[in-house]
Amino acid sequence: MDSQTVIVPQSHAELEHEHSPHLHHHFANMGQQREASNFGMWLFLLTEIMFFGGMFTAYLIYRNWYYPAFVAGSHYMKMWAGTLNTVVLICSSFTMAMGVYSAEMRNRKNLIRYLSLTLILGFVFLGIKAYEWHNEWVEHHVPGLNFSINDFTHVDARYPTDKPLKVDMAEKTQIYFSLYFLLTGVHALHMVVGVSIIIFLIFTAWGGAYTTGHMNLIENFGLYWHFVDIVWIFLFPLLYLISRHQ
Amino acid sequence: MSETHFEHTVNPSEPTHHSHTVVSPKVYALVFGALLVFTALTVYASGVELGVFNAVVALIIAVIKGTLVVLFFMHIKYSSKLVKLTICSGFFTLIVLLALTCTDYISRAWGLW
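Small disclaimer: the values here were computed from a predicted structure and weren't measured.

The rules behind each value
Residues numbered from 1 in each chain as written. Chains lettered and ligands numbered in written order. Predicted model: local features only at pLDDT ≥ 70, side-chain atom pairs only at ≥ 80, totals over all residues. Helix = DSSP H or I, 4+ residues; strand = E, 2+ residues; numbered from the N terminus. Rg over C-alpha atoms; globule rule 2.2 N^0.38 Å. Buried ≥ 20, exposed ≤ 12 C-beta atoms within 10 Å, placed from the backbone. Contact = placed C-beta atoms within 7 Å. Core = buried A, V, L, I, M, F, W, Y, C linked by C-beta atoms within 7 Å. Expected span 1.5 Å × (residues − 1).

1. Here we look at the overall build of chain A
- Of the regular secondary structure elements, chain A holds nine helices and two strands.
- Starting at the N terminus and walking to the C terminus, you meet the elements of chain A as α-α-α-α-α-β-β-α-α-α-α.
- Expected size for 246 residues packed as a compact globule is a radius of gyration near 18 Å; at 23 Å, chain A overshoots this value by more than 25%.
- C-alpha atoms of chain A, sized along the principal axes, occupy 75 × 40 × 30 Å.
- Out of the 246 residues in chain A, the part that is buried amounts to 37%.
- Partitioning the contacts of chain A with sequence separation of at least 6, the portion at a separation of at least 24 is 76%.

What follows is the structure, encoded as structure tokens:
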């Protein structure tokens with residue numbers, strides 16, 4: 001690593017550790033306030049990890065029980081869409097990290113720029129996801145609403161080596177698709193909440209809310225956005241990749 | 001190293017020290033590049049016949065990617081011991097819950113699978 005250093009613009013008052021206007025009365029100093037805020041955000045994210053962890057466990061157990069159905073179901077995932085969405089989310093995590101950095105540098109224009117880029121990438125992700133869901137509807141792969149086992153009881157032209165499933169196992173592909181819609185749906189819900197908050201952040205950042213030395217909200221939202229990215233990093237291999245070779 | 005440290009003067013007897021590091025864009029760009037490389041790698045590996053190891057390789061790559069995001073994008077590499085310990089205990093609890101659930105499922109139909 002080189003010795004490139006980053007100089008954070010700080011006002012005279014902060015350097016002298018005087019009372020910052022952003023400091024709440026129950027904190028000793030800005031550092032403590034920031035630490036407490038980050039700590040609280042992480043506690044929330046840990047509850048989110050437990051929430052998604054339960055659904056991942058359900059996926060793990062059902063996959064072992066109805067393995068052929070899960071393999072057959074995942075063959076109908078669109079590889080290009082999943083890969084593209086992974087790249088889109090990783091890009092959005094990068095732009096979000098740069099947004100936090102811009103707030104740190106007190107660069108209002110760059111902050112708004114990076115938040116807007118993150119917002120656009122968030123919408124691109126949701127758009128691709130909506131396209132996939134629409135496609136699954138068209139293919140009768142939505143359990144409970146529009147489902148047919150036809151694709152799984154016959155040999156598909158795309159997977160000529162796949163043996164057709166017996167009817168009882170073919171029915172179990174509904175469990176794969178139920179978990180698929182649950183996991184991607186809850187993840188997409190987090191994305192919708194995320195893009196809504198970004199819109200709010202862009203408006204308030206316009207007025208200079210996070211570039212005067214108080215950026216806990218931007219930092220904590222960044223943590224949330226990266227967390228949603230991590231959930232997708234695990235969803236992508238589990239739903240799209242691990243049965244692809246069979 | 002390409003990051004800067006800011007030590008805020010605090011009571012040294014406090015359990016958390018509020019040092020504050022700003023990660024440079026260069027580090028972000030490197031992590032970003034690594035994440036893209038790992039994505040390409042995992043997609044490539046999924047097309048190779050590895051038997052049960054397809055799932056293992058995919059999950060190992062996912063764990064590496066997740067760890068990179070947590071350490072650098074989420075600044076955990078530079079955060080206080082309190083936050084580090086809290087996150088580690090959270091993941092430890094998740095692993096305990098996963099392991100106990102799996103032992104339950106394996107042992108209920110012992111010998112029948």
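2. Quick word on the overall build of chain B
- On a plain count of helices and strands, chain B comes out with three helices and two strands.
- Helices (α) and strands (β) of chain B occur, in sequence order from the N terminus, as β-β-α-α-α.
- Per-residue burial over chain B gives 20% buried out of 113 residues.
- Here the contacts in chain B between residues at least 6 apart in sequence split such that 42% fall between residues at least 24 apart.

3. Thoughts on the interface of chain A and chain B
- Each partner contributes residues to the interface: chain A has 44 residues there, and chain B has 47 residues.
- Listing elements by their share of the side of chain A that touches chain B, those giving two or more residues are helix 2 (30-65), helix 4 (79-104) and helix 9 (216-241) of chain A.

4. Quick notes on the environment of Ala58(A)
Residues and elements named next belong to chain A.
- Residue position: Ala58 is located in helix 2.
- Take Ala58: there are 16 C-beta atoms within 10 Å of it, and that puts it in the partly exposed class.
- Separated by 19 residues in the primary sequence, Ala58 and Met77 have C-alpha atoms spaced 19 Å apart.

5. Describing the environment of Leu121(A)
All names here are of chain A.
- Among the structural elements, Leu121 can be located in helix 5 (residues 108-138).
- For Leu121, a count of 21 C-beta atoms within 10 Å translates into the label buried.
- Separated by 89 residues in sequence, Leu121 and Tyr210 place their C-alpha atoms 22 Å apart.
- Beyond its immediate chain neighbours, meaning those up to four positions away, Leu121 contacts Val88, Cys91, Ser92 and Thr95.

6. Regarding the nonpolar core
- Formed by 75 residues in total, the largest nonpolar core has its most connected members in Ala97(A) and Tyr28(B).
- Breaking this core down by element, the ones donating at least two residues are helix 2, helix 3 (67-74), helix 4, helix 5, helix 8 (173-206) and helix 9 of chain A together with helix 1 (25-46) and helix 2 (53-73) of chain B.
- Looking at this core element by element, the count peaks at 16 residues for helix 9 of chain A.
- Apart from residues lying up to four places away in sequence, Tyr28(B) is in contact with Phe94(A), Ala97(A), Met98(A), Val23(B) and Phe72(B).

7. Thoughts on helix 8 of chain A
- With 34 residues, helix 8 of chain A extends 48 Å from end C-alpha to end C-alpha; this agrees with the ideal 50 Å at 1.5 Å per step.
- Backbone geometry just after helix 8 of chain A places Gly208(A) at a positive phi near 85°.

8. Some thoughts on helix 3 of chain A
Residue and element names in this part refer to chain A.
- Across the eight residues of helix 3, six count as buried, placing the element largely inside the fold.
- All buried positions along helix 3 are accounted for by Ala69, Phe70, Val71, Ala72, Gly73 and Ser74.
- For helix 3, the elements touching its buried residues are helix 2, helix 6 (150-153), helix 7 (167-171), helix 8 and helix 9.

9. Some details on unusual backbone geometry
- Of note, His140(A) is a non-glycine position whose phi angle comes to about 60°, a positive value.
- Position of His140(A) among the secondary structure elements: in the loop between helix 5 and strand 1 (141-142).
- Given 13 C-beta atoms within a 10 Å radius, His140(A) is considered partly exposed.
- Non-glycine residue His75(B) carries a positive phi angle of around 65°.
- Tracing the chain through its elements places His75(B) in the loop between helix 2 and helix 3 (81-108).
- Taking the C-beta count within 10 Å as the criterion, His75(B) has 22 such neighbours and is therefore assigned buried.

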